[in-house]
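# Residue-level structural notes
So you can see what is in the structure, the chains are spelled out below.
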Amino acid sequence: MQRIRSRQQFQAVMAGAPVAKTPHFALHRALLDGPSDGHPLFPVKDTWIGVLLPKRWAKRAVTRNAIRRQIYETARLRADGLPQAALVVRLRSTFSRQEFFSASSDALKRAVRAELDQLYSQLARRAARPAVVAPAAEAVRAAV
């Protein structure tokens, strides 16, 4: 598994709409094809993972780091089930300070892992669905 590090890679993945959502996270995906200025953005055919944790939603660095570690670890554990694509996990809302009063409590880590498991499960279900062919495209194929 590779980590997304450059701004261009993040921008390429974030250009599309999220493919999976939970109450606190969104998952964006981009295919690995397509060079950028003669050099491919993702030179290795592998799963690329990136994390976007805005200070707006996680004010304390210790919380952002704990969430980041959970994201990378869950992705590592599920590496075999993840597609060869570029994935960005984005925090889209804050975890309640009343419920998770400690910045890196075990309860917060369990909640983050549970939501990440939901996120990856949604991605797997979406990938497992058969592709739907539009009737017009089907008629064109039949005519050829």
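Counting its secondary structure elements, the protein chain contains four helices and seven strands. For the protein chain, the sequential pattern of α-helices and β-strands runs β-α-β-β-β-β-β-α-β-α-α. Here the contacts in the protein chain between residues at least 6 apart in sequence split such that 78% fall between residues at least 24 apart. For the protein chain, the exposed area adds up to about 8900 Å²; of that, 52% sits on carbon and sulfur atoms.

Relative to the helices and strands, His28 is located in strand E3 (residues 25-30). Side-chain polar atoms of His28 contact the backbone oxygen of Gly16, separated by 3.1 Å. Residues in contact with His28, not counting those within four places in the same chain, are Val13, Met14, Gly16, Ala17, Pro18, Ala86, Leu87, Val88 and Arg90.

A separate point is helix H2 (residues 61-77). Taking 1.5 Å of rise per residue, 17 residues should cover 24 Å, and H2 covers 24 Å from first to last C-alpha, within 8% of that figure. Taken as a whole, H2 has its buried residues at Thr63, Arg64, Ala66, Ile67, Gln70, Ile71, Tyr72, Thr74 and Ala75.

The subject of this paragraph is the environment of Val89. Structurally, Val89 is set in strand E7 (residues 86-91). Exposure remark for Val89: the relative accessible area of 1% places this residue in the buried category. For Val89 and Val51, which are 38 residues apart along the polypeptide, the C-alpha to C-alpha distance reads 5.0 Å. In this view, Val89 contacts Phe25, Ala26, Leu27, Ile49, Gly50, Val51, Leu52, Ile71, Leu116, Leu119 and Tyr120; residues no more than four positions away in its chain are not counted.

What counts and how
Residues numbered from 1 in each chain as written. Predicted model: local features only at pLDDT ≥ 70, side-chain atom pairs only at ≥ 80, totals over all residues. Heavy atoms only, no water. Helix = DSSP H or I, 4+ residues; strand = E, 2+ residues; numbered from the N terminus. Contact = heavy atoms within 4.5 Å. Areas by Shrake-Rupley, 256 points an atom, 1.4 Å probe, with all protein chains shown as cover. Polar contact = N/O pair within 3.5 Å; in protein donor to acceptor, adjacent residues only side chain to side chain. Expected span 1.5 Å × (residues − 1). Buried < 20%, exposed > 50% of the residue type's maximum accessible area, 1.4 Å probe, protein only.

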